[in-house]
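Report on the structure
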Amino acid sequence: MYKITHVDATSVDDAVAKLAEGSAAAIAGGTDLITTLKGMCTPTPPAKIVNLKTISGLKYIKEEGGMLKIGALTTLTEIAKSSVVSSKYTVLAQAAKAVGGPELRNAGTIGGNICQKPRCPYFRNEHNAFNCLRKNPNGLCYALTDYNVKHSIFGAAAGCVDGCPSDVAPALVALKAKIKTSKRTMEAADFFVVNGEDMTALDADEIVTEIQVPELASGTKSAYKKFAFRKSIDFPLVSCAAVISGSDASIVLGGVYPIPRRATAAEDAIKGKTIDDANATAAGNEATKGSVALGQNKYKIQIAKVMTKRAILACK
Ligand SMILES: Cc1cc2nc3c(=O)[nH]c(=O)nc-3n(C[C@H](O)[C@H](O)[C@H](O)COP(=O)(O)OP(=O)(O)OC[C@H]3O[C@@H](n4cnc5c(N)ncnc54)[C@H](O)[C@@H]3O)c2cc1C
């Protein structure tokens, strides 16, 4: 690993100031960042990492002002084990619990989870062997024509066909959460965008400070279903986050597009209907409307239908 400076941030403003100096990256649990640094995946690795864990007051789960608030440094284990999250925002607790294995969830934070880098093997290849277009605007998307077993089934976003690796991101979009940063508050649906190496709209000197989930209408049920090749310590190939109340439904897929993908046709198919096998199957079939498999990932289309059906049925 190359020589790198590690500095502790004392406050959100201090972290922002240190990041603004340039060639810097924030670090929280480090479970994602360290692997990209060790692999020298990027052509412009940061010279400095700014430790966010030394900022006090960014680790909490509380209900306040008609919403659930989660500090960016809260670990996935804390979220998965929280009784308020499990009982009222089940989809989020299940998504947090679906991440990696216990060690990763003990160290990994919600802020780091939603800011993780692409998982595409071309992006992650050591020593930047493939200078893909997420790192270089003049680069290529190698997955379009070569290995693409795990990639998008809904085409490219800004030329990239990665599959969103975050388990938590689709759950937050389905919950219509807001992401509070050091400079603004954004809808989760606007926060996730293909932005160079990142899947967020964050600027280089901006950090996530809080996740805000609006209180759900009484009777709302939610669930997260994930399919991966391995039963643990594996990224989602296809996942589905569903939040359903009598007349409303919010259904978002993960793993099938570079960022979370709302399945509006599936939402329309289940809104106001009885949740039973026939209606869930019909909505599941709608979830892949407009999908376009790449050379090696047609299997994901059927799995997306089934994950959607299962997530809906779990909201019964
Ligand atoms: C073997 C393995 C398996 C994994 N499996 C899964 C999985 O199944 N599902 C899944 O979703 N993830 C998985 N991960 C990825 C990762 O462990 C998790 O996403 C974890 O939640 C990342 O959190 P962290 O705090 O460790 O992030 P870090 O590694 O500290 O940071 C990740 C990125 O986010 C940025 N960042 C961190 N905090 C902030 C903040 N507050 N504001 C702005 N930017 C920030 C960092 O600069 C960095 O670019 C896996 C990782 C490994 C190594």
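The preceding data block contains the structure.
The notes below deal with the structure included here. Since the model is a prediction, treat every value here as computed from it, not as a measurement. (Residues numbered from 1 in each chain as written. Predicted model: local features only at pLDDT ≥ 70, side-chain atom pairs only at ≥ 80, totals over all residues. Heavy atoms only, no water.)

Its place among the elements puts I61 in strand β4 (residues 61–64). Here the alpha-carbon distance between I61 and I211, two residues 150 residues apart in the chain, equals 9.5 Å. (Helix = DSSP H or I, 4+ residues; strand = E, 2+ residues; numbered from the N terminus.)

The ligand sits among 33 residues. The nearest are A26, T31, L33, T109 and D167. Here an oxygen atom of the ligand and a backbone polar atom of A28 are 2.7 Å apart. Alone, the ligand offers 970 Å² of accessible surface; in the complex the protein occludes 92% of this. Listing elements by their share of the shell around the ligand, those giving two or more residues are β2 (24–27) and α7 (110–114). At 3 residues, α7 tops the list of elements feeding residues into the shell around the ligand. Considering only residue class, the shell around the ligand consists of 17 nonpolar, 11 polar and 5 charged. (Near = heavy atom within 4 Å. Polar contact = N/O pair within 3.5 Å; in protein donor to acceptor, adjacent residues only side chain to side chain. Areas by Shrake-Rupley, 256 points an atom, 1.4 Å probe, with all protein chains shown as cover. Nonpolar A, V, L, I, M, F, W, Y, C, P; charged D, E, K, R; others polar.)

Glancing now at helix α12 (residues 277–286). Because each turn of an α-helix spans 3.6 residues, side chains separated by three or four positions in sequence point in the same direction. Those residues of α12 that fall on the buried side of the exposure criterion are N279, A280, A283 and G284. The arc that holds the buried residues of α12, viewed along the axis, is 135 degrees, so those residues lie on one side. Buried residues along α12 sit in contact with α11 (264–270) and α13 (299–313). (Buried < 20%, exposed > 50% of the residue type's maximum accessible area, 1.4 Å probe, protein only. Arc of directions from axis to C-beta. Contact = heavy atoms within 4.5 Å.)

Glancing now at the nonpolar core. The nonpolar side chains of soluble globular proteins are, as a tendency, buried together. Ranked by size, the top nonpolar core spans 70 residues in total, and within it L92, I114, L172, F192 and I211 carry the most contacts. In this view, L172 contacts L92, I114, A177, I179, A188 and I211; residues no more than four positions away in its chain are not counted. Grouped together as the second largest cluster of nonpolar side chains are 11 residues, L19, A28, V50 and I207 included. (Core = buried A, V, L, I, M, F, W, Y, C linked by side-chain atoms within 4.5 Å.)

By the definition in use, this model includes 6 aromatic pairs. The ring of F123 has K135 lying over it, and the distance from NZ or CZ to the ring centre is 4.9 Å. Its end group placed over the ring of Y257, R261 keeps NZ or CZ at 5.0 Å from the ring centre. (Phe/Tyr/Trp six-rings, centres within 6.5 Å; stacked < 30°, edge-to-face > 60°. Lys NZ or Arg CZ within 6 Å of the ring centre and 35° of its normal.)

Once that is clear, we can look at the sheet that holds strand β10 (residues 238–245). If you trace the 4 strands from one edge of the open sheet to the other, you get β9-β10-β11-β12, paired in antiparallel fashion. Looking at the sheet topology across the chains shown, the edges are occupied by β9 (221–227) and β12 (261–262). Two elements, strand β11 (residues 248–254) and β12, share 2 bridges in a ladder whose sense is antiparallel. Among the inter-strand pairings, L253 is bridged to a residue of β12, identified as R261. Against the sheet, α13 engages β9, β10 and β11, with an angle of about 30 degrees to β10. (Pairing = 2+ DSSP bridges. Axes fitted to C-alpha atoms, helices over the stretch in contact; angles between N-to-C directions.)

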